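Structural characterization, general
The chain contents come next:
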Amino acid sequence: MELFPRGVSLAKQRIPVVLVAGFLGSGKTTLLNHLLNNTRGTRIGVVVNDFGSVNVDAMSVAGMVGSMMSLENGCLCCSVDASGLDAVFDKLTRPGTDLDLIVVEASGLAEPRGLVRLVLASGNPRIEYGGLIEVVDAVEFEATARKHPEFATQLPLADLVLLNKVDRLPDAEHVLETVRAHAGATPVLPTVNAAIDPELLFDTGGVRKHEGTAPRQLSFDDLREDDCGEHAHAAYQSLVFSVDGAVHPRRFAEFLENRPPGLYRMKGTVYFGVTGYRDRYLLHTVGGYVRLTARRWDASARRATELVLIGAGIDADELRERLGSCEETEPEDVDPQNMLPVLRYAES
């Protein structure tokens, strides 16, 4: 399936802004460096408090303009405080930067929930919320939870929890179960050296927007690609759901409002086919965040619902069954009032 369907130019695709939080020493900077060294041809903007926290030894600095420096691999690194974050978004999304992803290290900038609100409230039309990732030190988790009782209660607020340094524990499974119990519906991924598959965070599959390349299909092979050196894909699951036709808007809205635990992201095309309404929408979800964007069909396009779903600890059969129950064989007969629950998530 095409994650970016025909008729939608890459220029209209928003840049995900991913927030990375976690206690000192958990592995936030290790995660940033891992992403910068596994870009697969994409361009990443990293926002930190200071340049010193990002290892650029292997990426010679090509130049520096104000609080931004350009890295050899096409990525950009910014130093900023919380008050200047929205201005940095404007700078990172201006013509010519052509970024695929923006990652903000939350430590020292602001309380993570405040940063989430800032991203969601931003008036910048080129960005979208890409999720809050909480990096947890598996070795120090129990000590941190004792010292900071509020820490465990913060885990459900994240969209994804990375339980890092699991290789340093003789019984990592016990800590993993404890963290998952605290995290609730939030997916938890065990990691070594904070190595995750970059495809968890962005969907470009190495296609560079500024090269004018046609949208590329995101397949199972892409999602399971093993080139990060740490079997980074092993801890998460992905599946494709496809219906050659429409889904019922009210039933689909009920699914969106009651997504199963562990489901991290969904993206793709949703077809409703209800008389009097735009029947094609692009779906983007991260954690509890949902956005539906109305789009027109190409004259020759096949009317279908096609979604990619990514998570950890998800039941693929249950997911397909629940989504399958949303299928609607006679959308033209659906009462238009049934569109109201999905329109709460929609933007034109």
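Here, every reference points to the structure presented above.
Below: a short report on this structure. Every value quoted in this text rests on a predicted model; they were computed, and no experiment measured them. (Residues numbered from 1 in each chain as written. Predicted model: local features only at pLDDT ≥ 70, side-chain atom pairs only at ≥ 80, totals over all residues. Heavy atoms only, no water.)

With that out of the way, let us pick up the overall build of the chain. A count of helical and extended segments in the chain gives 10 helices and 17 strands. Within the chain, buried positions represent 55% of all 348 residues. For the chain, long-range pairs separated by at least 24 residues make up 75% of all intrachain contacts whose partners lie at least 6 apart in sequence. (Helix = DSSP H or I, 4+ residues; strand = E, 2+ residues; numbered from the N terminus. Buried < 20%, exposed > 50% of the residue type's maximum accessible area, 1.4 Å probe, protein only. Contact = heavy atoms within 4.5 Å.)

Helix α3 (residues 112–121) packs onto helix α2 (residues 85–92) with a crossing angle of 45° between their chain directions and a minimal axis gap of 11 Å. Taken together, the axes of α2 and α3 lie oblique to each other. In this structure, α2 meets α3 at a crossing whose hand is right-handed. Where α2 approaches α3, its residues L85, D86 and F89 are matched on the opposing element by L115, L118 and V119. (Axes fitted to C-alpha atoms, helices over the stretch in contact; angles between N-to-C directions. Parallel < 35°, antiparallel > 145°, perpendicular 65-115°, else oblique. Left-handed = near helix turned anticlockwise from the far one by under 90°.)

This part covers the pattern of salt bridges. A complete count under the given rule lists 9 salt bridges for this structure. When the shortest N-O distance is used, the salt bridge between R302 and D244 registers 3.1 Å. With R302 in the loop between β14 (289–295) and β15 (305–311) and D244 in the loop between β10 (237–243) and β11 (246–247), this pair connects stretches of sequence that are 58 residues apart. Of the residues examined, D244 reaches a relative accessible area of 61% and is grouped as exposed. Measuring nitrogen to oxygen at the nearest pair gives 2.6 Å for the salt bridge that ties E306 to R302. Using a relative accessible area of 17% as the deciding quantity, one classes E306 as buried. Looking at R302, the relative accessible area reads 42%, which means it is partly exposed. (Salt bridge = Lys/Arg side-chain N within 4 Å of Asp/Glu carboxyl O.)

This brings us to the packing of aromatic side chains. All told, the structure shown has 7 aromatic pairs when counted by the stated rule. Taken together, a centroid distance of 5.8 Å and an interplanar angle of 55° make the contact between F141 and F151 tilted. Of this pair, F141 sits in helix α4 (residues 141–147) while F151 sits in helix α5 (residues 150–154), and the two are 10 residues apart along the sequence. Overall, the relative accessible area of 2% leaves F141 in the buried class. Aromatic side chains F252 and F272 sit 6.2 Å apart centroid to centroid with 65° between the ring planes, which places their arrangement in the edge-to-face category. With a gap of 20 residues between them, F252 in helix α8 (residues 249–257) and F272 in the loop between β12 (263–271) and β13 (280–286) connect regions that are remote in the sequence. (Phe/Tyr/Trp six-rings, centres within 6.5 Å; stacked < 30°, edge-to-face > 60°.)

Here the focus is the environment of L263. Residue placement: L263 occurs in strand β12. According to the relative accessible area criterion, L263 is buried, its value standing at 8%. In the structure, L263 is positioned 56 residues away from L319 in sequence and 9.4 Å away in space, judged by C-alpha atoms. Among residues more than four places away in sequence, those in contact with L263 are F255, L309, I310, G311, I314 and L319.

Moving on, we get to the environment of T39. Residue position: T39 is located in the loop between α1 (28–36) and β2 (44–48). With a relative accessible area of 9%, T39 lands in the buried category. For the pair T39 and L101, spaced 62 residues apart in sequence, the C-alpha separation works out to 10.0 Å.

Of all the residues in α8, the buried ones are P249, F252, A253, F255 and L256. Each buried residue of α8 lies within a common arc of 155° when the element is viewed along its axis, so the set occupies one face. (Arc of directions from axis to C-beta.)

When you line up the elements, R265 lands in strand β12. You can call R265 buried: its relative accessible area is 5%.

Before going further, it helps to examine the nonpolar core. In terms of nonpolar packing, the biggest core is built from 35 residues, with L19, I102 and L163 touching the most fellow members. Secondary-structure elements contributing two or more residues to this core are β1 (15–21), α2, β6 (101–105), α3, β7 (127–137), β8 (160–164) and α6 (172–183). The element contributing the most residues to this core is α6, with 5 residues. Not counting residues up to four positions away in its chain, the partners in contact with L163 are V136, A138, V175, L176, V179, V188, L189, P190 and T191. Among the nonpolar cores identified, the runner-up in size contains 28 residues, and V247, V274, V290 and L323 belong to it. (Core = buried A, V, L, I, M, F, W, Y, C linked by side-chain atoms within 4.5 Å.)

Turning next to a negative patch on the surface. Residues D315, D317, E318 and E321 make up a contiguous surface patch of negative charge. Relative to the assigned elements, D315 resides in the loop between β15 and α9 (316–324). Exposure remark for D315: the relative accessible area of 41% places this residue in the partly exposed category. (Patch = residues over 30% accessible without salt bridge, like charges linked within 9 Å, V, L, I, M, F, W, Y side chains within 5 Å. Areas by Shrake-Rupley, 256 points an atom, 1.4 Å probe, with all protein chains shown as cover. Lys, Arg positive; Asp, Glu negative; His and termini not counted. Charge placed at Lys NZ, Arg CZ, Asp CG, Glu CD.)

A few words now on the pairing of β7. Residues in a regular strand point their side chains to alternate faces of the sheet. Of all the 11 residues making up β7, 11 are buried; the element is thus mostly covered by neighbouring parts of the structure. Bridging between β1 and β7 involves 7 bridges; their strand directions are parallel. Each residue of the ladder has a partner; that of P16, found in β7, is E128. Judged from the 5 bridges that link them, β7 and β8 form a sheet pairing that is parallel. In the strand pairing of β8, I133 is matched with L160. (Pairing = 2+ DSSP bridges.)

Read these as spatial facts, not as claims about activity.
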